[in-house]
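# Chains, contacts and geometry: an overview
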2 protein chains.
Amino acid sequence: MRVIEKGSIVIKDNIILKISKTEELDRNFTAKKIIDAKSKIVMPGFINSHTHIPMSYFRGLADDLPLQEWLNNYIWPTESRFLSEEFVYDASLYGTAELVKNGIVLFNDMYFFGKQTALAATKVGIRAIVGEGVLDYPFASYTKPKQMIDYAIRQHKEFADNELIDFAIAPHSIYVCKTKTLRLAAESARNNNMLLHIHVAETEKEIKDCIKHHKKRPIHYLNDIGFLGDNVIIAHGTWVDEEEQKIIQEKNASVVICTESELKLASGFAPIKEYLQNKVNVCLGTDGVASNNNLSILEEMDFIAKLHKSINQDPAMLPASKVVKMATINSAKALHKYSEIGSLEMGKKADIILIEKNILEIVPMYNVFSHLVYTINSNAVRDVIINGKLVMENRKLINVDEDELIERAKYYKSKILEI
Amino acid sequence: MRVIEKGSIVIKDNIILKISKTEELDRNFTAKKIIDAKSKIVMPGFINSHTHIPMSYFRGLADDLPLQEWLNNYIWPTESRFLSEEFVYDASLYGTAELVKNGIVLFNDMYFFGKQTALAATKVGIRAIVGEGVLDYPFASYTKPKQMIDYAIRQHKEFADNELIDFAIAPHSIYVCKTKTLRLAAESARNNNMLLHIHVAETEKEIKDCIKHHKKRPIHYLNDIGFLGDNVIIAHGTWVDEEEQKIIQEKNASVVICTESELKLASGFAPIKEYLQNKVNVCLGTDGVASNNNLSILEEMDFIAKLHKSINQDPAMLPASKVVKMATINSAKALHKYSEIGSLEMGKKADIILIEKNILEIVPMYNVFSHLVYTINSNAVRDVIINGKLVMENRKLINVDEDELIERAKYYKSKILEI
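Computed from a prediction, not measured in an experiment: that's the story for all the values here. (Residues numbered from 1 in each chain as written. Chains lettered and ligands numbered in written order. Predicted model: local features only at pLDDT ≥ 70, side-chain atom pairs only at ≥ 80, totals over all residues. Heavy atoms only, no water.)

## Points about the overall build of chain A
Per the secondary structure count, chain A includes 15 helices and 15 strands. Scaling as 2.2 N^0.38, a compact globule of 419 residues should have a C-alpha radius of gyration of about 22 Å, and chain A matches this with 21 Å. Projected onto the principal axes, the alpha-carbon positions of chain A cover approximately 65 × 45 × 40 Å. The buried share of chain A, reckoned over its 419 residues, is 63%. When contacts within chain A are restricted to residue pairs at least 6 apart in sequence, those whose partners lie at least 24 apart make up 71%. As displayed, chain A offers around 16400 Å² of accessible surface, 49% of which is attributable to carbon and sulfur atoms. (Helix = DSSP H or I, 4+ residues; strand = E, 2+ residues; numbered from the N terminus. Rg over C-alpha atoms; globule rule 2.2 N^0.38 Å. Buried < 20%, exposed > 50% of the residue type's maximum accessible area, 1.4 Å probe, protein only. Contact = heavy atoms within 4.5 Å. Areas by Shrake-Rupley, 256 points an atom, 1.4 Å probe, with all protein chains shown as cover.)

Structure representation (structure tokens):
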């Protein structure tokens, strides 16, 4: 977490070649392109470790409702009307563009027709781990969970040469996947060196139902069926007790806290203090825009840092620098990208964001971590470099036309409102 | 809370003359200046009902610390080094400029040398209720609390013709003001038709100390000494029980919730559900930037709406439109400006903000209230009109030079760091 004042970074191809004080650079050094970062914070890009990007067009479609009413009356009927490859591509192009505007360089997704999300991410220029959803009931063009798993494996191989894209297997949750499905997912992921992405222990009801059906709490259940491992990303983990936390830690799985979504859906408060005491790898996600309703990791940092101070009656709880780690290097570790991104280090990939400091709402700045967590919002993110390539320059996206994206979103909105 | 699509507002001098569908405007109507609001949300400006604007330069000076360490080692020593009329003017100019950038048209302040804050607010063009702090111990150039009260009264009279400014008497809290001081403050405010602004029940410790010293809880104590009335603004009110809430309601006093500050300082969770059940007028404030660390009411809305859903295990708790009222009309009522501002109505003062909707992170929009609370941040606020005058146009402040303000803030930062 070292801060270098007046530093420079040299990028060659997609790699960070050198990081130093500017005065220590070779005087004869010349670069093809120089980005002036004089008034900027230069830092590793944020990682969004749990989201549902193809839900972009559902942002704010229905809010302030009980979960079942929200799902049954709004989200699921709308999804069943619209879900198609074209819809997923368009919505993913929108959502990935929005991720970049929030300074995010990698996202861990869970949805369907993942190939479309992978293509959209590639077009925008952002890294993605595309989790293909797995359910026990027929969905989209699938009739069986094995088809969904096979799709993910097939795409994983198809995109093997794409430096930005990985596929993951994403069984939705223990309440829509049978034990047999979860076992198959886990086994398939391990055999193909893929991540497993799953919602676990999001609500108290889920715990009660799990105990009723399986006679044990979710993490015990998942452990006993051989699901857990260092390739497992647990989204939410709001209701996980200390014994379960120790299992997560032993298995080197990771937990993604989505504070805003968990608060908004009234899921509860994740046991952050206990997770940290038990040395669980905790990272941050925004969840989808239908339940947040934004994709800002800067805002997630603000929420988690402030909330848990009051929960624990301790203003020293979750200091800013620790929260910045959750949004960067912890996520890189969770997503098996630790050796490539999540920090600015020589030899790592150039996934870098530039944040403007010279803004009235940001000045004065005494501590960069404090400002990132408590003061700065995504509008201050000016430039985004992913895998050595500029994908946003001075807030303008390089690879897509924002006006077109906005027009397309408005078109879908009008369609969604037609009933 | 009616929403008019394709509407127009006619302003004459500082008054809203007409609000209607654009097609209903007189075809021969011509205006001296027309502001195109086609892609904008046009709404009443936000009101920040509790803040300490002259603390601008202390933003992020020290964070993640226990309250006493924060005050004793950082805030108080720095204040004692810098507090002067010039410092308060400069910091207030900065802070009021920042308020406007956050779409705020009126703020309720508590600090010292209030005349300087009033002058700065006038320069920027924002409405202010300037609460002059009252303490029992010598502070700044004061040796006795009566001097502070007299100062407030004198300034109140001096600024009587200034349409933007009112003064208030602001006894800091029950723990730094004796009963005699609080009585004098209350009596003086009533005699001079002024507001009373006080921190009450911010922490659990305050309740315990109050019971120890006065044998009763803070609101009972304040009521028994004749302090409470419809001119009283209670900042925080985090630890107020239902019996006390009923007293606040009966006395027509108001409570200002500062969610981010209360979370960050680990003060606890305000009993919003109970306040609403007991029909207490609840409004929103940011507190000072030293304990937030921003002045965004949009962010306060997001925090309060999401937080209390989880606290009450009810996702329908605090629906967005109710929260928007807390940030506008409820505050206007609390600050005795109900007949003038807080809503867009014919005959009210033209205190209006324009928010850009055509932004990637904001599209699509299904419900304007949901978007204001959960999606939009202050950067989307483009134009601010206060008392009929444009004070920000397309995010550029009209009456102050932002670059100069930033340079001045950096100068003070360097001074603050010199020890």
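Further notes follow.
## A look at the confidence of the model for chain A
Summarising the model, chain A shows a mean pLDDT of 96, and 100% of its residues fall at 70 or more. On the interface metric, ipTM, the complex scores 0.97, and its pTM is 0.98. (pLDDT = per-residue confidence, 0-100.)

## Thoughts on the sheet that holds strand β4 (residues 46–51) of chain A
Residue and element names in this part refer to chain A. What the eight strands build is an open sheet, ordered β4-β5-β6-β7-β8-β9-β10-β11; its pairing is parallel. Strands with a single pairing partner mark the edges of an open sheet, and in this sheet they are β4 and β11 (281–284). On average, each strand axis in the sheet is inclined to that of its neighbour by 25 degrees, with strand direction left out of account. Sheet topology note: the strand β8 (residues 195–200)/strand β9 (residues 232–236) ladder contains five bridges and is parallel. By the bridge assignment, Val200 is partnered in β9 with His236. (Pairing = 2+ DSSP bridges. Axes fitted to C-alpha atoms, helices over the stretch in contact; angles between N-to-C directions.)

## Thoughts on the sheet that holds strand β11 (residues 281–284) of chain B
Residues and elements named next belong to chain B. Reading across the sheet, the eight strands line up as β4-β5-β6-β7-β8-β9-β10-β11 and stay open at both edges, with parallel pairing between neighbours. Edge positions in the open sheet fall to β4 (46–51) and β11, since each of these has one partner strand only. Neighbouring strand axes in the sheet, compared pairwise and without regard to direction, differ in orientation by 25 degrees on average. Sheet strands in contact with helix α3 (residues 114–124) are β5 (104–111), β6 (127–134) and β7 (165–171), and its direction is about 150 degrees off that of β7. Where helix α11 (residues 297–311) meets the sheet, its contacts fall on β4, β5, β10 (254–257) and β11, and the angle it forms with β4 comes to roughly 80 degrees.

## Quick notes on the pattern of salt bridges
Counted under the stated rule, the structure contains 45 salt bridges over all chains. Its salt-bridge partner being B:Lys264, residue B:Asp63 comes within 2.5 Å of it at the nearest N-O pair. Within this pair, whereas B:Asp63 is found in the loop between β4 and α1 (67–82), its partner B:Lys264 is found in helix α9 (residues 259–264), the two being separated by 201 residues in sequence. The partner of B:Arg408 in a salt bridge is B:Asp90, and the shortest N-O contact between them spans 2.9 Å. A residue pair is termed long-range when its members are at least 10 positions apart, and B:Arg408 in helix α15 (residues 402–417) and B:Asp90 in helix α2 (residues 85–101) qualify at 318 residues. Taking relative accessible area as the criterion, B:Arg408 reaches 31% and is therefore assigned partly exposed. Within this structure, A:Glu86, A:Asp90 and A:Arg408 form a network of salt bridges that share partners. (Salt bridge = Lys/Arg side-chain N within 4 Å of Asp/Glu carboxyl O.)

## Looking at the pairing of strand β6 (residues 127–134) of chain A
Residues and elements named next belong to chain A. The buried count for β6 comes to eight of eight residues, which makes it a mostly enclosed element. What you see with β6 is no split at all: Arg127, Ile129, Gly131 and Gly133 on one side and Ala128, Val130, Glu132 and Val134 on the other are buried throughout. Alignment of strand β5 (residues 104–111) against β6, held across six bridges, turns out to be parallel. Pairing of Phe107 across the sheet is with Ala128, part of β6. Running through helix α3 (residues 114–124), the crossover from β5 to the neighbouring parallel element β6 is right-handed. In the sheet, β6 pairs with strand β7 (residues 165–171) via seven bridges, with the strands oriented parallel. Counted as the bridge partner of Val134 is Pro171 from β7. After leaving β6, the chain enters helix α4 (residues 145–158) and then returns to the sheet as β7, a path that is right-handed. (Right-handed = clockwise from strand over helix to strand, strands pointing away.)

## Examining the interface of chain B and chain A
Taken together, the contact between chain B and chain A spans 70 residues of the former and 70 residues of the latter. Together, the buried faces of chain B and chain A total about 5300 Å²; carbon and sulfur atoms form 58% of this surface. In terms of surface lost to chain A, no three residues of chain B exceed B:Asp64, B:Leu360 and B:Tyr366, which account for 16% of the buried area on that side. Linking chain B with chain A are six salt bridges, by the criterion used here. (Buried area = accessible area lost by both parts, 1.4 Å probe.)

## Remarks on the environment of A:Leu335
Residue and element names in this part refer to chain A. Within the secondary structure, Leu335 sits in the loop between α13 (329–334) and β12 (352–356). For Leu335, a relative accessible area of 2% puts it in the buried group. As for Leu335 and Ile386, which are separated by 51 residues in sequence, their C-alpha atoms are 16 Å apart.

## Remarks on the relation of the copies chain B and chain A
The two chain copies are related to each other by a rotation about an axis together with a translation along it. Once turned by 180 degrees and shifted 0.0 Å along the axis, chain B lies on chain A with an RMSD of 0.0 Å. The symmetry that links the two subunits is that of a two-fold axis. Taking C-alpha positions as the reference, the residue of chain B nearest the rotation axis is B:Asn379, at 3.4 Å. Of all interface residues in chain B, 100% are interface residues in chain A too; the two copies therefore contact each other through one and the same surface. (Least-squares fit on C-alpha atoms with pLDDT ≥ 70 in both.)

## A closer look at the packing of helix α4 (residues 145–158) of chain B against helix α5 (residues 179–191) of chain B
All names here are of chain B. For the pair α4 and α5, interaxial distance at closest approach is 10 Å and the crossing angle is 15 degrees. Classified by the angle between their axes, α4 and α5 sit roughly parallel to one another. Pair α4 / α5 crosses with right-handed handedness. Residue-level contacts link Pro145, Lys146, Ile149 and Ile153 of α4 to Thr181, Leu184, Ala185 and Ser188 of α5. Looking at the contact of α4 with α5 residue by residue, the classes come out as five nonpolar, two polar and one charged. (Parallel < 35°, antiparallel > 145°, perpendicular 65-115°, else oblique. Left-handed = near helix turned anticlockwise from the far one by under 90°. Nonpolar A, V, L, I, M, F, W, Y, C, P; charged D, E, K, R; others polar.)

## Some details on the packing of aromatic side chains
Enumeration over the complete set of coordinates arrives at 24 aromatic pairs over all chains. Between A:Phe87 and A:Tyr412, the aromatic rings sit 5.1 Å apart at their centres with planes inclined by 90 degrees, giving edge-to-face as the arrangement. Of the two residues, A:Phe87 is situated in helix α2 (residues 85–101) and A:Tyr412 in helix α15 (residues 402–417); the sequence distance between them amounts to 325 residues. Across this residue pair, the class does not change: A:Phe87 and A:Tyr412 are buried. With a centroid separation of 5.3 Å and 70 degrees between ring planes, the pair formed by B:Tyr411 and B:Tyr412 is classed as edge-to-face. Residue class for B:Tyr412 comes out buried when judged on its relative accessible area of 5%. (Phe/Tyr/Trp six-rings, centres within 6.5 Å; stacked < 30°, edge-to-face > 60°.)

## Overview of the pairing of β8(A)
All names here are of chain A. Burial analysis of β8 places six of its six residues in the buried class, which makes it a mostly covered element. Because side chains alternate across β8, one face comprises the buried residues Leu195, His197 and His199, and the other comprises Leu196, Ile198 and Val200, equally buried. For β7 and β8, the ladder comprises two bridges, and the chain directions are parallel. Of the residues in β8, the one forming a bridge with Ala168 is Leu195. For the segment spanning β7, helix α5 (residues 179–191) and β8, crossover handedness is right-handed.

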